[in-house]
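Architecture at a glance
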Amino acid sequence: MLGVTPDTNDQRPSTNNLKEISLVYDVCIVGSGAGGGMAAYALTKAGANVVLLEAGPSWFASRDSKMLMPSYASPRRGASTKTRPFGEFDACDGGWEIEGEPYTVAPGSKFMWWRARMLGGRTNHWGRISLRFGPRDFQGKTRDGLGEDWPIGYDDVAPYYDRVDRLIGLFGSHENLPNEPNGIFQPPPKPRCYELLVKKASDKLNVTCIPARLSIITQPLNGRLKCHYCGQCNRGCGVKANFSSPDVLIAPALATKRLTLLTSSMVREVTVGKDGLATGVSYIDKRTGEDKHVEARIVVLSASACETSRLLLNSKSSFFPQGLANGSGTVGKYLTDTTGTDLAGFIPAMADHVTHNEDGVGGMHLYMPWWLDNSKLDFPRGYHIEVWGGLYQPSAGFMGGIERYPGGGGYGKQLKQDYRKYYGATIGFSGRGEMIPNDESYLEIDPNVVDRWGIPVARFHWGWTDHEFNQVKHMHETFRALLTEMGGEIFSPMPTKEQGYNISTGGQIIHELGGARMGSDPKTSVVNANCQAHECKNLFVADGSPFVSQADKNPTWTILALSWRTADYIASQRKEGAL
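What you see is a predicted model; the values in this text were computed from it and never measured.

1. Considerations on the overall build of the protein
When helices and strands are counted, the protein shows ten helices and 19 strands. Relative to a compact globule of 579 residues, whose C-alpha radius of gyration would be 25 Å, the protein shows 24 Å and is just as compact. Projected onto its principal axes, the C-alpha positions of the protein cover 75 × 50 × 45 Å. Buried residues in the protein amount to 60% of all 579 residues. In the protein, the share of contacts with a sequence separation of at least 24, taken over all contacts with a separation of at least 6, comes to 71%. For the protein, the computed accessible surface area is about 22,900 Å², with 51% contributed by carbon and sulfur atoms.

2. Some words on the sheet that holds strand β17 (residues 456-461)
Spatially, β5-β17-β16 is the arrangement adopted by the three strands of the open sheet, whose pairing is mixed. Of all the strands in the sheet, the pair left with one neighbour each is β5 (104-105) and β16 (442-450). Relative to β17, β16 runs antiparallel, the two sharing five bridges. Looking at β17, one finds that E444 is bridged to R459. Packed onto the sheet, helix α7 (residues 305-314) meets β16 and β17 and runs at close to 60° relative to β16.

3. A short note on the packing of helix α1 (residues 34-45) against helix α10 (residues 556-576)
Closest axis-to-axis distance for the α1/α10 pair is 8 Å, and the angle between their directions is 35°. For the pair α1 and α10, the crossing hand works out as right-handed. Of the residues in α10, those in contact with A34, G35, M38, A39, Y41, A42 and L43 of α1 are T556, I559, L560, S563, W564, A567 and I570. When its residues are assigned to classes, the contact of α1 with α10 shows eleven nonpolar, three polar and no charged.

4. Remarks on the packing of aromatic side chains
Under the counting rule described, the total for this entry stands at 29 aromatic pairs. For the ring pair W113 and F460, a centre distance of 5.4 Å and an interplane angle of 65° mean the geometry is edge-to-face. Residue W113 is located in the loop between β5 and β6 (115-116), and its partner F460 is located in strand β17; the two are separated by 347 residues in the primary sequence. Exposure class is identical for W113 and F460. Each is buried. Ring centres of F133 and W150 lie 6.2 Å apart, and the angle between their planes is 80°; on these two criteria the pair is classed as edge-to-face. One end of the pair, F133, is in the loop between β6 and α3 (140-144); the other, W150, is in the loop between α3 and α4 (154-168), with 17 residues separating them in the sequence. An identical accessibility class is assigned to F133 and W150; each is buried. Three or more aromatic residues joined by ring pairs form one cluster here, namely Y103, F111, W113, F460, W462 and W464. Above the plane of the ring of W113 lies R115, whose end atom (NZ or CZ) is 4.5 Å from the centre. Between K333 and the ring centre of Y442, over which it is positioned, the NZ or CZ distance is 5.7 Å.

5. Notes on the packing of α1 against helix α6 (residues 245-255)
One can describe the packing of α1 onto α6 by two numbers: an axis separation of 8 Å at closest approach and a directional angle of 30°. With respect to α6, the element α1 is oriented roughly parallel. Judged by the twist between their axes, the crossing of α1 over α6 is left-handed. Residues A34, G37, M38, A40, Y41 and T44 of α1 pack against S245, L249, I250, P252 and A253 of α6. For the contact of α1 with α6, the per-class residue count stands at eight nonpolar, three polar and no charged.

6. A short note on the sheet that holds strand β14 (residues 383-389)
To summarise the sheet geometry, strands pair through backbone hydrogen bonds and adopt either a parallel or an antiparallel arrangement. The antiparallel open sheet is built from six strands, whose spatial order is β7-β13-β14-β15-β12-β18. In the strand order of this sheet, the two ends are held by β7 (210-211) and β18 (489-490), each with one partner. Two strands pair when backbone bridges link them, and β7 and strand β13 (residues 366-368) are joined in this way by two bridges, in the antiparallel orientation. Each bridged residue has a counterpart across the sheet, and for P211 the counterpart in β13 is L366.

7. Side note on the layout of surface pockets
Quantified by volume, the second largest pocket comes out at close to 380 Å³. What lines the second largest pocket is a set of 22 residues, and nearest its centre among them are R136, N179, W370, L372 and N374. Classifying every residue of the lining of the second largest pocket by side-chain character gives seven nonpolar, five polar and ten charged.

8. Let's talk about the environment of K421
Counting through the fold element by element, K421 comes out in helix α8 (residues 412-422). Counting along the chain gives 69 residues from K421 to D352, while the straight-line C-alpha distance between them is 4.6 Å. Setting aside residues up to four positions removed in sequence, K421 forms contacts with A351 and D352.

9. Some details on the environment of F111
Its place among the elements puts F111 in the loop between β5 and β6. According to the relative accessible area criterion, F111 is buried, its value standing at 6%. Sequence spacing of F111 and R459 is 348 residues, and the spatial spacing of their C-alpha atoms is 9.6 Å. Apart from residues no more than four positions distant in its own chain, F111 is found in contact with Y103, V105, L335, F460, W462, T505, G506, G507 and E512.

10. Looking at the side chain of E54
Tracing the backbone through its elements, the reader meets E54 in the loop between β3 (50-53) and α2 (61-64). Here E54 sits buried without a salt bridge, and the closest side chain of opposite charge, R117, lies 5.6 Å off (N-O distance). There is a polar contact of 2.7 Å between the side chain of E54 and the side chain of S32. At 3.4 Å, the side chain of E54 and the backbone nitrogen of M118 are in polar contact. Ignoring sequence-local partners within four residues, the contact set of E54 consists of G31, S32, A116, R117, M118, L119, L262, T263, S264 and S265.

The rules behind these values
Residues numbered from 1 in each chain as written. Predicted model: local features only at pLDDT ≥ 70, side-chain atom pairs only at ≥ 80, totals over all residues. Heavy atoms only, no water. Helix = DSSP H or I, 4+ residues; strand = E, 2+ residues; numbered from the N terminus. Rg over C-alpha atoms; globule rule 2.2 N^0.38 Å. Buried < 20%, exposed > 50% of the residue type's maximum accessible area, 1.4 Å probe, protein only. Contact = heavy atoms within 4.5 Å. Areas by Shrake-Rupley, 256 points an atom, 1.4 Å probe, with all protein chains shown as cover. Pairing = 2+ DSSP bridges. Axes fitted to C-alpha atoms, helices over the stretch in contact; angles between N-to-C directions. Left-handed = near helix turned anticlockwise from the far one by under 90°. Nonpolar A, V, L, I, M, F, W, Y, C, P; charged D, E, K, R; others polar. Phe/Tyr/Trp six-rings, centres within 6.5 Å; stacked < 30°, edge-to-face > 60°. Lys NZ or Arg CZ within 6 Å of the ring centre and 35° of its normal. Parallel < 35°, antiparallel > 145°, perpendicular 65-115°, else oblique. 1 Å grid on protein atoms, 1.4 Å probe; cavity = no way out; pocket = protein on both sides within 12 Å on 5 of 7 lines; lining within 4 Å. Points joined across faces, edges and corners; volume = space filled by probe spheres on them. Lys, Arg positive; Asp, Glu negative; His and termini not counted. Salt bridge = Lys/Arg side-chain N within 4 Å of Asp/Glu carboxyl O. Polar contact = N/O pair within 3.5 Å; in protein donor to acceptor, adjacent residues only side chain to side chain.

Okay, here's the thing in structure tokens:
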């Protein structure tokens, strides 16, 4: 069991819910999302005394969610707000622009940086798409010569994927597909009416289409109730049926009495001692504006790929003049985001539908994993397709403009009839693909701009290559073929090469990875195979920044598995006296 030692010589000011004597914690974790929440869960269960700092306020979906609030109950009818751009009742408080927390983008680049400022971070935002990386995803360079291989393989992570499956839970189906590993699945919900049309069309076009894999439980698990199919997952689940870090990881960690939670605490930098080891972090108490410090034997950064990179680059000292753990000069480098584009069409066969039950989760019941051989295509890595449509709860902006539909628009009775006629008659697809890391995409510290607390901000550089443009072109061609097969009408023309085939802006898909790359060589990477900094043995990273490659899979399930693996390593090293 790990212990905690009161340090009565420490003269630093006390923090907002520390006791009168200052403590040296076993572990200080920065960030409370998937990586930070899992690290707190696993380390407190292992007996460590942990302090976790979160830049936003406390928020638990089981306490704070607006899950059952009808859109019409608000004068805004559910329309977005500045800090909730996905709707005023959306769970996640944050956005692309946060007052007082700017970032800059280098001339010629485009980049959008999403920040979630609340307990649980981005686990309050995501669609719960919970995909394992496959064996090929860890060995990309071996396969096609691009990027780098990971220093670990699927077999190293698989036991932790299994643990995550059992603890958090997800639904899915055993398909035994290449590079799409099975998991420990609960039964998936049945396809809804519009999804049956998608399945029929994809089967006709030989596009693999299988039950989705989402971390929403369809059977009770570890004291949590199963999903009751209200379809409002994006608002946070009041019964804890879907996964978010506060309710599923942080609450059990708090129950151990070994977790101290410091919310509204903006970390400025990681501090180091005379021996070059991390001693804790300095931070700003956002409620008072005071600068404070918390001390710990081990520091785990889980602030998200870009925020962790910014923290490392801002943590300069005589030991680390280029930033902490940045002797290789690779902190902030090899930044990637998922490629993305979307397309929807009107499906006449769905108009004037017969009233039917479309109960389900707040996400897709079907999806399409990558199904082709890249060696026969003009782009090197794959993508998957997400499906959307159906009879979701109407709110402001509903249907994207009735005037686009045949004969739609106008006033009065006819307008109401048109809404009833076309409601639920749209089906859409979103492609999510793998980006190859490149030298043009990275972040650095802007030498001229600081945030409201005087912390230097991140400056982003970004560039897609033909690998990504050709992939997104293929997405559009596939979407159009599927919609045509369903007899659909597409409202927008095929985007051109000059338009970049409507590829998403860097950061827009909110899957930033890299910046503190994992590797065996300290000259070309920041952390080792255990996510331990090469240059600072008591510093670890447990978020998306150690990722060597992006894969076409949403990264949260891998962040959770790697964080648990890193926590186990920390506990074992403490037990052996190596840390």
